[in-house]
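The primary structure of each chain is shown beneath.
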Amino acid sequence: MTKCDQCGKGRQFGRYIRHKATGKWALKAPKKPRQWAANVQRKRLVIDGKRQVVNICTRCLRTMHKVERVRKVKEPRVEAEVAAS
Ligand SMILES: [Zn+2]
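Rules behind the numbers
- Residues numbered from 1 in each chain as written.
- Predicted model: local features only at pLDDT ≥ 70, side-chain atom pairs only at ≥ 80, totals over all residues.
- pLDDT = per-residue confidence, 0-100.
- Helix = DSSP H or I, 4+ residues; strand = E, 2+ residues; numbered from the N terminus.
- Core = buried A, V, L, I, M, F, W, Y, C linked by C-beta atoms within 7 Å.
- Buried ≥ 20, exposed ≤ 12 C-beta atoms within 10 Å, placed from the backbone.
- Contact = placed C-beta atoms within 7 Å.
- Pairing = 2+ DSSP bridges.

**What about the confidence of the model for the chain?**
A residue-level look at the chain finds 74% of positions with pLDDT of 70 or above and a mean pLDDT of 78. Taking the mean pLDDT of every element in the chain, the minimum, 57, falls on helix H3 (residues 77-84) and the maximum, 90, on strand S4 (residues 50-57).

**Quick notes on the nonpolar core**
Counting five residues, the largest nonpolar core is built from Cys4, Val40, Ile56, Cys57 and Cys60. Contact partners of Ile56, with chain neighbours within four places excluded, come to Cys4, Asp5, Gln6, Val40, Gln41, Lys43 and Leu61.

**Things to note about the environment of Arg34**
Mapped onto the fold, Arg34 is located in strand S2 (residues 31-36). For the pair Arg34 and Arg15, spaced 19 residues apart in sequence, the C-alpha separation works out to 5.3 Å. Those residues in contact with Arg34 that lie beyond four places of it in its chain are Gly14, Arg15 and Tyr16.

**Overview of the pairing of strand S3 (residues 40-47)**
Strand direction decides the pairing type here: S3 and S4, joined by eight bridges, are antiparallel. Along S4, the bridge assignment pairs Arg42 with Asn55. Two successive antiparallel strands, S3 and S4, enclose a turn made up of two residues, where Asp48 displays a positive phi of approximately 55 degrees.

This is the structure:
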C-alpha cells in the first residue's frame with residue numbers, strides 16, 4: 001500500500017465492534033481487528049520551485065495549502081534506499 005512521502009502515513013490498525021440489541025452488548029459484541037487505508041493521492045506539485053510527482057495524503061495536502069513552511073517534501077523512500085546500498 002502507498003505511503004505518504006511527507007509524513008509516512010499508511011495503513012492504520014484498529015478494532016471493529018458490532019452493536020448488539022441485547023443487554024450488556026459491549027461484553028458480548030464481537031470485536032474483530034480491522035484496517036484503515038490512508039487517503040493517499042498521487043499529485044504533481046511545485047516544491048522548492050521544481051515540479052514533482054509525489055504520493056501525498058490528503059491531510060498533508062490540506063496543511064500544505066495553509067502553511068507555507070511545510071512545503072518541503074522529503075525524498076521518496078525508494079530513492080533513499082537505492083542511495084544507501
Ligand atoms: Zn501525509
